[in-house]
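Here is how the chains run, residue by residue.
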Amino acid sequence: MVSAAGAAFVALLGFAGGLGVGSALAALLIVLDIIPRLAQLTFAYRKSIWFETAVVSGAVFWSLADFLEWRMWLPKIFTMIVIGTFDGIFVGMLGAALTEVMNVLPILAKRVRLSRYLVSLVYAMVLGKVTGSLFDWLVFQYMDP
């Protein structure tokens, strides 16, 4: 009886945690307007259902892959290039949406009087992020502790 009750509690706890995380992700996507903004930037208003379907399908697929412990044996270079590209696109879009919602760059440019150099400021931030990431992936990870 105790093991059945414990298993039921763990199942309920896992369901509640998944519900909380899923709700938080949905709220984040809604608050940051990632899908409508992506449709606006790509001039694909009629294709926004594809963006929404891709987000939901990706979440379901990777949840199943994690729970069922799926393994894919791919060459390391393929994995680094393709999956790294998709991860970078996701993180970049999420960061750009968060920055846009918070209006960080216009406020920073106005306060520091860099409005004329706003494009250069954005390029400097992007190049700094790319350079730091490349250094971490290609050099820092392979250094001896």
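Predicted model, so just to flag it, every value in this text is computed and none were measured.

1. Brief notes about the UniProt feature "transmembrane region" (unreviewed entry) in the protein chain
So, step 1. Within this structure's numbering, the places UniProt gives as "transmembrane region" (unreviewed entry) are residues 6-32, 44-65, 77-105 and 117-140.
So, step 2. What you have in residues 6-32 is 100% helix and 0% strand, and the ends, taken at the C-alpha atoms, are 39 Å apart.
So, step 3. As a span, residues 117-140 carries 88% helix and 0% strand, and end to end its C-alpha atoms are 32 Å apart.

2. Quick look at helix α2 (residues 34-41)
So, step 1. Those residues of α2 lying buried are I34, I35, L38 and A39. Down the axis of α2, the buried set is contained in an arc of 130 degrees. They therefore lie on one face.
So, step 2. Two residues or fewer after α2 comes F43, characterised by a positive phi angle close to 55 degrees.

3. Structural notes on the packing of aromatic side chains
So, step 1. Applying the stated criterion across every chain yields a total of two aromatic pairs.
So, step 2. Each ring, one from F61 and one from W62, has its centre 4.9 Å from the other, and the planes form 85 degrees; the classification is edge-to-face.
So, step 3. The interplanar angle of 55 degrees and the centroid separation of 5.5 Å between the aromatic rings of F61 and W70 together place this pair among those described as tilted.
So, step 4. Since its relative accessible area comes to 36%, F61 is described here as partly exposed.
So, step 5. By way of ring pairs, the aromatic residues F61, W62 and W70 are connected into one cluster.

Basis of the calculations
- Residues numbered from 1 in each chain as written.
- Predicted model: local features only at pLDDT ≥ 70, side-chain atom pairs only at ≥ 80, totals over all residues.
- Heavy atoms only, no water.
- UniProt positions renumbered as here; feature names shortened; annotations may be inferred.
- Helix = DSSP H or I, 4+ residues; strand = E, 2+ residues; numbered from the N terminus.
- Buried < 20%, exposed > 50% of the residue type's maximum accessible area, 1.4 Å probe, protein only.
- Arc of directions from axis to C-beta.
- Phe/Tyr/Trp six-rings, centres within 6.5 Å; stacked < 30°, edge-to-face > 60°.

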